[in-house]
Amino acid sequence: MADPLIELVDVSKSYRRDTLEIPVLQNITMTVPEGEFLALMGPSGSGKTTLLNLIAGIDRPTGGILRVAGTELGGLSETELAQWRSRTIGFIFQFYNLLPVLTALENVELPLLLTPLSKHERREHAAVALELVGLADRVHHYPKQLSGGQEQRVAIARAIVTDPPLLVADEPTGDLDRTSAQEIMNLLGRLNAEYGKTIVMVTHDPRAAERARKVIHLDKGAFVQM
Amino acid sequence: MIIPLNYSFRNLWTRRLTTFLTAGGIALVIFVFSAVLMLANGLEKTLVGTGSDKNAIVLRKGAQSEFMSMLDRNAINIIQSQPEIAADPEGKRLAASEVVVLINLPKRGTNKPSHVQIRGVAPESLTMRPQVTLTAGRRWREGLSEVIVGREVAERFQGGGLGETIRFGMRDWTVVGVFEAEGAGFESEIWVDAEQLVQAFRRPVFSSITMQLSGAGDFASLKSRLEADPRLTVEVEREKQFYAKQSEMMATFIRVLGIFVTVIFSLGAMIGAMITMYASVANRTTEIGTMRALGFPRRSILGAFLFESLLLAAIGGGVGILLASFLQFFTVSTTNFATFSELAFRFILSPSIVIESLIFSLAMGFFGGFLPAVSASRRKIVEAFRAS
Ligand SMILES: Nc1ncnc2c1ncn2[C@@H]1O[C@H](COP(=O)(O)OP(=O)(O)OP(=O)(O)O)[C@@H](O)[C@H]1O
Ligand SMILES: [Mg+2]
C-alpha cells in the first residue's frame, strides 16, 4: 500500500496564556490516504481549525510528528515551509479571502507568481482553472462584483491552479446559502472524484459532511467515536 | 516572488482619500523644500550671471563690495595703463572705472523705501557686458541728467518707468532707457554716466575698475603685478568670482535655514505616512495572512508594503515639485547682504533640485513605511486569520 498523504503521530498543540498552559489538541494520531475526502466536525472550540492549520503547514505543533505529502514539516525552516505550502496545499477559506483589489483572474493567478511560469502561461492556467469552476465569463470581475458562491468558486480555482495534491477547506460553505453551498460541495466532490485531490474539510454543516467519504469528530482536542 | 506592483498601486487607489491626504502632506514638505533650493539657486544664478569670465575687477584691498571700495584718480591712472587690458576694434582700451552709490527709493504699491544701487558707468561698461541690452528707450546723452534703469527697477520702484524721473544727488534724473541683463543682478541697478554721478555727489573717487583681458593667461600676471605695486592697495578678482562670492553667504543661509525647517516638517509628514501605512496594514491583516499561506515569503510582504509607501511618497513628491515649478513665474526681492541694496531674483528649478526633492520624498516614504511594512511581514499567519 502507498504511503498515506497525511500522517500525524502523537501531535499536540497548546497555547500559553501567562503561566497557564491551555491544551487545544492532545496526542492526535491519524493517517489520511491519498484521494481521501475527509470531513472534520465537532463543537466550536474543539480544535478543528487548529488541526487543519497544522496539516496545512501554517502553524506548528507543540509536540509530535507531522508528515504531509512525504515531507516532515518539523524539519522545515519558515521559508522552506512557505515553499512547501505553495506546491502542496490549496487553501479554501470560509470568507473566501480573495484580494479585493485584484480581479478574479488576477486572484487565481496569484499563487502562480511563485512558480517559474511566464506571464502568458500564468494567464492561461488561471483561465483554465476559472473555466473548471464555471466562471469563464467572470474573469475580469472584482470580488465585490461577485456573489458569495461565485467568490468561493474563484477561491477554489485559486486553490487548484498550482495543481496541489491536498486541498484544505475551513467551513467552505459556512457563509453561503443552501443552493450555493450545494454547488460548492458538488465542485469539491468532483475535484476529489475526477481529479484525485485529497480534501480535508472542516464543517459544521451535516449536509456538507455527508458528501465526504469519511467524517471524523473532534471534541476538546481529541477524536471521539460516534 | 514579487507581489505585482499593481497590487500596491490599486490599494492606494482604493483608499484614494487617505492616499491623497497623506501624499498632500508630503507634497507640502517637498513644495517648501524645493522652493528653498530654487530660491538659493535663483540667487546664485542672478549674482553669478552678473559677472563675466573675460573680465577682471579691481577694488580697494579688503573691500567686500564695490560700495565699500574707493580708488582715487591716481590709482585709476596706474591701473588703466596695464598691458593686459584688451582693446575694442577701434583700438579703445576696454576698462571702465565705475562709481557705486546707494540711494533710497520708494517702492511702487507699498510706498516703502528700499535701497537701490546706482552705478556710474563709462561707455565701455556696456561693451564689456554684452548681456546688458536696452529693451526700451535709448542711452543717456553725455552732460545731461539722464539714466537708464534695469528692468526690475523700472517695475518695482516709483519713478523708475521710462520717461519718469528719479531724484537723487539733489537733481532730477529722467529715465530714458530700460535694460535687461539676462536676469543678472544689474537688472536691479540704475546706470548713469559716471562723470555726472561724480559731479552730483561731489565724490572725487571711484569704486572699482572693470576691465576686459586680452588673453586667458593675463589674469594671473595682472593680479600679481597690481597687488604687488607699492603705490596701490588693491585686490584683483575675476568678475564672475567676485559676484559668486556675494551670493555664497546668502545662498548658504537660505539653504541651511530652509533645509532645517523642512527636515522638521518632514518628521510630521513621515509620521503621517506611518499612520496611514499602519492603518493600511491593519485593514489588510487577512489579506496578508492569505498571501503568506499561499506561500509568499515575508520579504515579499515587506516589499509590497514598502513599495506602497514609496509610491505614496513619490506621488506626494511629484505633486510638490509640480507646485513648486509654478514659482518660477514669480520674482522675489531681498536686500543683498553684501551690497545692502535691493536685489530681485527668481525661483529657478534645476534637474538636480528635482532629483534631490524626489530623493527626499522617497526617504520620507521609506522611513514612514518601514516599520508598518516590517510589522505586516512579521505577522504570524494563524494570528492574522484569528484577528479578523
Ligand atoms: N492563538 C491562540 N491563543 C490562545 N488560544 C487559542 C489560539 N488559537 C486557538 N486557541 C484556542 O484553541 C481552541 C480551539 O480553537 P479552534 O479555532 O481550533 O476551534 P474550532 O474547532 O475551529 O472552533 P470553531 O468551530 O468555532 O471554528 C479554542 O479554545 C481557542 O480559544
Ligand atoms: Mg474553526
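A.B. asks: Account for the domain arrangement of chain B, with residues named and values stated.
C.D. replies: Residues and elements named next belong to chain B. We note that the domain assignment places domain 1 (5–48 + 246–387) and domain 2 (62–232) within chain B. On a C-alpha basis, the centroid separation for the pair domain 1 and domain 2 is 46 Å. Opposite the 13 residues of domain 1 that make contact, domain 2 presents 18 residues. Carbon and sulfur atoms make up 46% of the area that domain 1 and domain 2 hide from each other, which totals about 1100 Å². Among the residues of domain 1 in contact with domain 2, Thr46, Phe340 and Glu342 are the three that bury the most area, contributing 41% of the side total. One can count one salt bridge joining domain 1 with domain 2. Note that Glu152 and Arg346 form a salt bridge whose closest N and O atoms lie 3.3 Å from each other.

A.B. asks: Lay out the interface of chain A and chain B in plain terms, naming residues and giving numbers.
C.D. replies: Quoted interface sizes are often the accessible area lost when the parts come together. Across the contact, 22 residues belong to chain A and 22 residues belong to chain B. A buried area of about 2000 Å², summed over both sides, lies between chain A and chain B, and 67% of it is on carbon and sulfur atoms. At the junction of chain A and chain B, the tally comes to two salt bridges. In this structure, Glu106 of chain A engages Arg10 of chain B in a salt bridge whose closest nitrogen and oxygen atoms are separated by 2.6 Å. Counting across the chain A and chain B interface gives six residue pairs in polar contact (both at pLDDT 80 or more). Residues of the side of chain A that touches chain B, tallied by class, amount to 13 nonpolar, four polar and five charged.

A.B. asks: Explain the packing of aromatic side chains to me, using residue names and the numbers behind them.
C.D. replies: Scanning all chains against the criterion turns up eleven aromatic pairs over all chains. Consider the rings of Phe91 of chain A and Phe93 of chain A, whose centres lie 5.8 Å apart with planes at 5 degrees: the pair is stacked. The exposure class of Phe91 of chain A is buried, given its relative accessible area of 4%. When the ring of Phe168 of chain B is compared with that of Phe201 of chain B, the centres are 6.3 Å apart and the planes differ by 20 degrees; the resulting orientation is stacked. With Phe168 of chain B in strand 6 (residues 165–168) and Phe201 of chain B in helix 6 (residues 194–201), the pair connects residues that are 33 residues apart, well separated along the chain. Accessibility expressed as a relative area gives 4% for Phe168 of chain B, which makes it buried.

A.B. asks: So what's going on with a nonpolar patch on the surface? Which residues, and what values?
C.D. replies: A grouping of Met249, Phe253, Leu257, Phe260, Val261, Ile264, Phe265 and Phe337 of chain B is seen on the molecular surface, where their side chains present a nonpolar patch of about 800 Å² in accessible area. Overall, Ile264 of chain B belongs to the partly exposed group, its relative accessible area being 46%.

A.B. asks: Go over the layout of surface pockets with me, naming the residues and quoting the values.
C.D. replies: What the largest pocket holds in volume is close to 870 Å³. In terms of lining, the largest pocket is formed by 35 residues, of which the most central are Thr49, Thr50, Asn53 and Asp170 of chain A together with Arg386 of chain B. At the level of secondary structure, the elements contributing two or more residues to the lining of the largest pocket comprise strand 1 (6–17), strand 2 (20–32), helix 1 (48–56), strand 6 (89–92) and strand 7 (166–170) of chain A together with helix 12 (381–387) of chain B. Here the lining of the largest pocket takes six residues from helix 1 of chain A, the largest share from any one element. Here the residues of the lining of the largest pocket are counted per class, giving 15 nonpolar, 13 polar and seven charged. Empty space within the second largest pocket amounts to approximately 310 Å³. Considering the residues around the second largest pocket, the lining is formed by 17 residues, among which Ile58, Asp59 and Arg60 of chain A together with Lys380 and Val382 of chain B are closest to the centre.

A.B. asks: A description of unusual backbone geometry should follow, citing residues and the corresponding values.
C.D. replies: Residue Asn27 of chain A is not a glycine yet carries a positive backbone phi of 40 degrees. Here Asn27 of chain A lies in strand 2. Classification of Asn27 of chain A as partly exposed rests on a relative accessible area of 48%. Not every positive phi belongs to a glycine, and Asn111 of chain B is a case in point at roughly 70 degrees. As for its position among the elements, Asn111 of chain B is in the loop between strand 2 (95–106) and strand 3 (113–121).

A.B. asks: Can you lay out the site of ligand 1 for me, pointing to particular residues and giving the numbers?
C.D. replies: Around ligand 1 there are 14 residues in total, and Ser44, Lys48, Thr49 and Thr50 of chain A together with Arg386 of chain B lie nearest to it. In this structure, ligand 1 sits where chains A and B come together, each supplying nearby residues. Contact distances for ligand 1 include 2.5 Å between an oxygen atom and a side-chain N or O atom of Thr50 of chain A. With the chains in place, 73% of the 630 Å² that ligand 1 exposes on its own is no longer accessible. Taking a 2 Å distance to the grid points as the criterion, the majority of the atoms of ligand 1 fall inside the largest pocket. Within the residue set of the shell around ligand 1, elements represented by two or more residues are strand 1 and helix 1 of chain A. A total of three residues in the shell around ligand 1 trace back to one element, the largest contributor, which is helix 1 of chain A. Its residues placed into classes, the shell around ligand 1 shows three nonpolar, seven polar and four charged.

A.B. asks: Before we move on, can you summarise the nonpolar core with the specific residues and values?
C.D. replies: Residue and element names in this part refer to chain B. Ranked by size, the top nonpolar core spans 43 residues in total, and within it Ile26, Leu43, Val132, Phe186, Trp191 and Met364 carry the most contacts. Among the elements of the structure, helix 2 (16–48), strand 1 (55–60), strand 7 (171–180), helix 8 (239–283), helix 10 (298–325), strand 12 (342–346) and helix 11 (351–378) are those that each provide at least two residues to this core. Here this core gathers at least three residues from each of two domains, domain 1 (5–48 + 246–387) and domain 2 (62–232). The contacts of Met364, once residues within four sequence positions are left out, are Ile26, Val29, Ile30, Ser266, Ala269 and Met270. Ranked by size, the runner-up nonpolar core spans 41 residues in total, among them Ile78, Phe157, Val178 and Val198.

A.B. asks: Can you lay out the sheet that holds strand 3 (residues 37–41) of chain A for me, pointing to particular residues and giving the numbers?
C.D. replies: Residues and elements named next belong to chain A. Ordered in space as 6-7-8-3-9-10, the six strands form an open sheet in which the pairing is mixed. The strands lining the two open edges of the sheet, one partner per strand, are strand 6 and strand 10 (222–224). If you compare each strand with its neighbour and ignore which way they point, the axes differ by 25 degrees on average.

A.B. asks: How would you explain the pattern of salt bridges if you had to name every residue and give the values?
C.D. replies: Any two side chains of opposite charge can pair if their charged atoms end up close together. Residues and elements named next belong to chain B. In the structure shown here, the tally under the stated rule is 35 salt bridges over all chains. The shortest N-O distance in the salt bridge between Arg119 and Glu98 comes to 2.6 Å. Taken as a pair, Arg119 in strand 3 and Glu98 in strand 2 lie far apart in primary sequence, 21 residues in all. Considered together, Arg119 and Glu98 belong to a single accessibility category, that of buried residues. Taking the shortest distance from any N to any O, the salt bridge between Asp172 and Arg167 comes out at 3.4 Å. Take Arg167: its relative accessible area is 52%, and that puts it in the exposed class. Members of the salt-bridge network, linked through shared partners, are Glu66, Glu98, Arg119, Arg129, Glu189 and Glu239.

What counts and what doesn't
- Residues numbered from 1 in each chain as written.
- Chains lettered and ligands numbered in written order.
- Predicted model: local features only at pLDDT ≥ 70, side-chain atom pairs only at ≥ 80, totals over all residues.
- Heavy atoms only, no water.
- Domains from an automatic or database assignment.
- Contact = heavy atoms within 4.5 Å.
- Buried area = accessible area lost by both parts, 1.4 Å probe.
- Salt bridge = Lys/Arg side-chain N within 4 Å of Asp/Glu carboxyl O.
- Polar contact = N/O pair within 3.5 Å; in protein donor to acceptor, adjacent residues only side chain to side chain.
- Nonpolar A, V, L, I, M, F, W, Y, C, P; charged D, E, K, R; others polar.
- Phe/Tyr/Trp six-rings, centres within 6.5 Å; stacked < 30°, edge-to-face > 60°.
- Buried < 20%, exposed > 50% of the residue type's maximum accessible area, 1.4 Å probe, protein only.
- Helix = DSSP H or I, 4+ residues; strand = E, 2+ residues; numbered from the N terminus.
- Patch = residues over 30% accessible without salt bridge, like charges linked within 9 Å, V, L, I, M, F, W, Y side chains within 5 Å.
- Areas by Shrake-Rupley, 256 points an atom, 1.4 Å probe, with all protein chains shown as cover.
- 1 Å grid on protein atoms, 1.4 Å probe; cavity = no way out; pocket = protein on both sides within 12 Å on 5 of 7 lines; lining within 4 Å.
- Points joined across faces, edges and corners; volume = space filled by probe spheres on them.
- Near = heavy atom within 4 Å.
- Sits in = over half its atoms within 2 Å of the grid points.
- Core = buried A, V, L, I, M, F, W, Y, C linked by side-chain atoms within 4.5 Å.
- Pairing = 2+ DSSP bridges.
- Axes fitted to C-alpha atoms, helices over the stretch in contact; angles between N-to-C directions.

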